[in-house]
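# Overview (structure and organization)
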Amino acid sequence: MTIRLTPGRGRPALALAALLGSAVLTAQPAQASAAAGSVAVQYRTSATGATADQSEPWLKVRNTGSSTVQLNQVKVRYYFKADSASAGYRFACSWAVRGCAGITGTFGTLAHPTATADRYLEIGFTPAAGTLTPGADTGDMQLRFYQTNWQTLRQSDDYSFNGGQTSYADWNKVTAQLSGTTVWGTAPAGDDPTDPTDPTDPTDPPGGGQTLFDDFSYTSHTDPAIAAHGWNIRSNSGGPGVPGATWDPSKVTFTASGGNSVMNLETSTAGTSDSTRQTEILTQATKFRNGTYAARVKFSDAPKSGPDGDHLVQTFFTINDLKAPMADDYAEYDFEYLPNGGWGEPSNILYTTSWETYDPDPWQAVNQHTEARQSYAGWHDLVVTIDNSAITYYIDGQLFATHDARYLPERPMSINFNQWLIDLAGQTSTTARAYDQQVDYVLHVKDQVLTPAQVTARVAAYRGAGTAFVDEVPAS
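## Observations concerning the packing of aromatic side chains
A complete count under the given rule lists 28 aromatic pairs for this structure. A ring pair is formed by Phe-213 and Tyr-441, whose centres lie 6.3 Å apart and whose planes are at 40°; its orientation type is tilted. Here Phe-213 is found in strand β16 (residues 211-214), whereas its partner Tyr-441 is found in strand β31 (residues 433-446), with 228 residues between them in sequence. Take Phe-213: its relative accessible area is 0%, and that puts it in the buried class. A ring pair is formed by Phe-316 and Phe-417, whose centres lie 4.9 Å apart and whose planes are at 15°; its orientation type is stacked.

And the structure:
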């Protein structure tokens, strides 16, 4: 077993014991009194109607304690009811006193849905947001979120919404965590953010389980810890993608985002094979088979520079080698997002695909796939579980697809992320352009089927323990 601790993250023994089921923690009260470190949250809205094009929870965070608060240790949750099970949402910051660049917004799914809440928007801060001295507040944060399809949303049934609150006042229907402990507000029943370590909670991850977890806390593509932790950043030639393109390790970089280290895969082209740079990172070992696979991935609809339109593929998948055409022991399980279409699709589409086998020439394939033709730009929690009966895919806590037992793996696989171009037909310009795909973490638990809520709890426990890397999965 290999474990790597992130410097500066506290209480590793306690949090890790909770993760492994060998300690019982007492949940903190939902709203704590002012102490050395404590915050309160004020709320108002400028979108007061029962329905709106977008919800506008404007917030202020105030330091009510006696010591300085690092804002990157603060998380605020606004709870709401999704307009449908398949609804997707996007976050935006319109304006903030301290600048929108220091504010993050991510969406999550509640383990215990109620009549007024099954999702939440979690507001976080980067180190650039700075600190709050005792008595100080962040000032105005004009935040908003909306459905990805821009359909009107209903907010009158949202737990944290109050259409009558048009000026700032304390609001206890949002919660605030400071260094992982809830210090403000009351969550919807059964959904206290500090509750995942309670052993009676049905969303608790099971104790034990041989696990791979990586927070991608590396310095650069040349960091020796990458290889030491069992990863290979691809540099060899070959498919998939544009023939003659280069798989460029230098385009895999690492940066801080939302208080976590994030891996960035950049793919670029100027419209020729020679100018095309693709990226891939994969485990050196093919030792993963049944169990739970999870990653938090940020897909992009538009390039970070240059003209849009390339037939791009952004992925998280497991795979083993095809020993011969139509070999029946081949296996592959994919999340593949095409922001600009491709493979005959005219626009954005996300596939989950479970493979039995294929023949590359002439092409024939045996697989089962499920697709959604909509934008998936932004951060998403991707989970696939494999047991002896089915392959099950989840996106953002919601069931996306269940595939049949005939596609179960016969041999172990590697874990992979890559970003590549199907062809150069989507955008024929010779102007340089570049696209990003980001990865927050990856988790595999051998031979255990976890729910998305259990995945979230396990990742939170590792991070709370300051564990940036662990690999307990034995070689196959």
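## Topic: the state of the cysteines
On inspection of all chains with the given rule, the structure shows one disulfide. Across the disulfide, Cys-93 is cross-linked to Cys-100 (sulfur-sulfur distance 2.0 Å). One disulfide, between Cys-93 and Cys-100, carries an S-S torsion of -70° and so falls in the left-handed class. Among the residues examined, Cys-100 registers a relative accessible area of 26% and is labelled partly exposed.

## Looking at unusual backbone geometry
Going from Gly-239 to Pro-240, the amide bond is cis rather than trans, its omega being 5°. Here Pro-240 lies in the loop between β17 (231-233) and β18 (246-247). Cis rather than trans, the peptide bond between Asp-361 and Pro-362 has omega equal to -5°. Tracing the sequence through the fold places Pro-362 in the loop between β25 (349-360) and β26 (363-372). Even without being a glycine, Asp-396 presents a positive backbone phi close to 55°. On the secondary structure map, Asp-396 appears in the loop between β28 (391-395) and β29 (398-403). Residue Asp-396 is classed as partly exposed on the basis of its relative accessible area of 22%.

## What about the pairing of strand β2 (residues 39-45)?
By the criterion of burial, β2 is predominantly enclosed, with six of the seven residues buried. Both β2 and strand β4 (residues 57-63) contribute to a ladder of seven bridges, which runs antiparallel. Opposite Val-39, over in β4, you have Asn-63 as the bridge partner. Note that β2 and strand β13 (residues 169-170) share two bridges and pair antiparallel. Opposite Gln-42, over in β13, you have Asp-170 as the bridge partner.

## So, the pattern of salt bridges
For the structure on display, the rule yields 20 salt bridges. The salt bridge involving Asp-248 is made with Arg-277; its shortest N-O contact spans 3.9 Å. Taken together, the residues span a long stretch of sequence, with Asp-248 in the loop between β18 and β19 (252-257) and Arg-277 in strand β21 (residues 277-283) at a distance of 29 residues. Residue Glu-266 pairs with Lys-304 through a salt bridge whose shortest N-O separation is 2.6 Å. Highlighted residues: Glu-266 in strand β20 (residues 260-269) and Lys-304 in the loop between β22 (291-299) and β23 (312-319), separated in sequence by 38 residues.

## Details of the sheet that holds strand β8 (residues 103-114)
Taken together, the five strands give an open sheet; going across it, the order is β8-β9-β6-β14-β15, and neighbouring strands pair in antiparallel fashion. Single-partner strands in this sheet number two, and they are β8 and β15 (181-184). For this sheet, the mean inter-axis angle between neighbouring strands, taken without regard to orientation, is 30°. Looking at chain direction, strand β6 (residues 74-80) and strand β14 (residues 174-178) are connected through five bridges and run antiparallel. Paired with Val-76 across the two strands is Ala-176, which belongs to β14.

## Re the confidence of the model for the chain
Mean pLDDT over the chain: 87, with 89% of residues reaching 70 or higher. Here residues 1-35 is modelled with pLDDT under 50, and outside its nearest four sequence neighbours on either side it reaches 77 contacts, counting other chains as well. Throughout residues 195-207 the model reports pLDDT below 50, and contacts reaching past four residues in sequence, or to other chains, amount to 30 contacts.

Rules used in this analysis
Residues numbered from 1 in each chain as written. Predicted model: local features only at pLDDT ≥ 70, side-chain atom pairs only at ≥ 80, totals over all residues. Heavy atoms only, no water. Phe/Tyr/Trp six-rings, centres within 6.5 Å; stacked < 30°, edge-to-face > 60°. Helix = DSSP H or I, 4+ residues; strand = E, 2+ residues; numbered from the N terminus. Buried < 20%, exposed > 50% of the residue type's maximum accessible area, 1.4 Å probe, protein only. Disulfide = S-S within 2.5 Å. Pairing = 2+ DSSP bridges. Salt bridge = Lys/Arg side-chain N within 4 Å of Asp/Glu carboxyl O. Axes fitted to C-alpha atoms, helices over the stretch in contact; angles between N-to-C directions. pLDDT = per-residue confidence, 0-100. Contact = heavy atoms within 4.5 Å.

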